Amino acid sequence: QQILLEERVTLLDLFPTISEYFKHSGQKKSSDYTLSGLSLLELLKGKGDRIRNRTLFASIDKNKIIAAFKSGWKLIYNPKELKTMTQVGTDYTYDKFELYHCDKDPMEKSNLQSGNGKRIQVYINMIRSYLKNKNSIKKGFQKRRKYINDPETLKRLRTLGYID
């Protein structure tokens, strides 16, 4: 049986979904770590309010450009007005803020930043909070773990962008 869901989700939702699906009946929790995603099984049970009402974030190039999605709206925050690889060679205006109503403009052709300063500020505050939380979690993991890697492994991890 095929089920069509029209909610915006993230790849971070896959692990919690699979984990919940295969959870043993007597098991109270599957991990000591708080997961970033949510189980999509909530949607199938008709309890998708947490999924529908959350804010999703996406970023490229180590958070140099970051987007926030909520309630059908999307803000792209590009503070340095960087060009991405997909934009090179295209006719594109690079703005610090790009605001789209994705439900009405799924191709993101009409930047609605003008006249929406309050909405943009709300999204910027959400982005700042997200980055602050993300960085504090990252620092906490780094303090608790001791990494023993040879120079070649460290070089490979840097090349792939996993570490600075």
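These remarks concern the structure in this document.

Scoring rules and cut-offs
- Residues numbered from 1 in each chain as written.
- Predicted model: local features only at pLDDT ≥ 70, side-chain atom pairs only at ≥ 80, totals over all residues.
- Heavy atoms only, no water.
- Pairing = 2+ DSSP bridges.
- Helix = DSSP H or I, 4+ residues; strand = E, 2+ residues; numbered from the N terminus.
- Axes fitted to C-alpha atoms, helices over the stretch in contact; angles between N-to-C directions.
- Buried < 20%, exposed > 50% of the residue type's maximum accessible area, 1.4 Å probe, protein only.
- Arc of directions from axis to C-beta.
- Contact = heavy atoms within 4.5 Å.
- Phe/Tyr/Trp six-rings, centres within 6.5 Å; stacked < 30°, edge-to-face > 60°.
- Lys NZ or Arg CZ within 6 Å of the ring centre and 35° of its normal.
- Polar contact = N/O pair within 3.5 Å; in protein donor to acceptor, adjacent residues only side chain to side chain.

1. So, the sheet that holds strand β1 (residues 56–60)
Stage number 1. The antiparallel open sheet is built from four strands, whose spatial order is β1-β2-β3-β4. The open sheet has two edge strands with one neighbour each: β1 and β4 (97–101). Averaged over all neighbouring strand pairs, the angle between strand axes comes to 15 degrees, with direction disregarded.
Stage number 2. As paired elements, strand β3 (residues 73–77) and β4 share five bridges and run antiparallel to each other. Counterpart to Y77 in the pairing with β4 is F97.

2. A short note on helix α1 (residues 14–22)
Stage number 1. Those residues of α1 that sit buried are P16, T17 and S19. For α1, the angular spread of the buried residues around the axis is 165 degrees, confining them to a single face. Exposed and facing more than 90 degrees away from the buried side of α1 are F15, Y21 and F22.
Stage number 2. If you follow the buried residues of α1, they end up packed against α2 (41–44).

3. A few points about the packing of aromatic side chains
Stage number 1. In the structure shown here, the tally under the stated rule is three aromatic pairs.
Stage number 2. For the ring pair F57 and Y130, a centre distance of 4.1 Å and an interplane angle of 10 degrees mean the geometry is stacked. Here F57 is found in strand β1, whereas its partner Y130 is found in helix α4 (residues 117–144), with 73 residues between them in sequence.
Stage number 3. For F57, a relative accessible area of 24% gives the class partly exposed.
Stage number 4. Its relative accessible area of 25% is what places Y130 among the partly exposed residues.
Stage number 5. Their ring planes at 15 degrees and their centres at 5.4 Å tell us that Y77 and F97 sit as a pair that is stacked. With Y77 in strand β3 and F97 in strand β4, the pair connects residues that are 20 residues apart, well separated along the chain.
Stage number 6. Look at F97 and you get partly exposed, because its relative accessible area is 22%.
Stage number 7. In this structure, R119 is placed above the aromatic ring of W73, and the distance from its NZ or CZ to the ring centre is 3.8 Å.

4. With respect to the pairing of β3
Stage number 1. Burial analysis of β3 places five of its five residues in the buried class, which makes it a mostly covered element.
Stage number 2. Sheet analysis places strand β2 (residues 65–70) next to β3, joined by five bridges and oriented antiparallel. Looking at β3, one finds that A68 is bridged to L75.
Stage number 3. Adjacent in sequence and paired antiparallel, β2 and β3 are bridged by two residues, among which S71 carries a positive phi angle near 50 degrees.

5. Comments concerning the environment of N111
Stage number 1. Along the chain, N111 falls in the loop between β4 and α4.
Stage number 2. If near-sequence neighbours (up to four positions away) are discounted, N111 is found in contact with D95, F97, E98, L99 and Y100.
Stage number 3. Polar side-chain contacts of N111 include one of 3.4 Å to the backbone oxygen of F97.
Stage number 4. Engagement of the side chain of N111 in a polar contact is seen with the backbone nitrogen of Q113, the distance being 3.1 Å.

6. Structural notes on unusual backbone geometry
Stage number 1. Residue S71 is not a glycine yet carries a positive backbone phi of 50 degrees.
Stage number 2. Note that S71 resides in the loop between β2 and β3.
Stage number 3. Residue S71 is classed as exposed on the basis of its relative accessible area, which comes to 54%.
Stage number 4. Phi is positive for E108, close to 55 degrees, though the residue is something other than glycine.
Stage number 5. With respect to the secondary-structure elements, E108 resides in the loop between β4 and α4.

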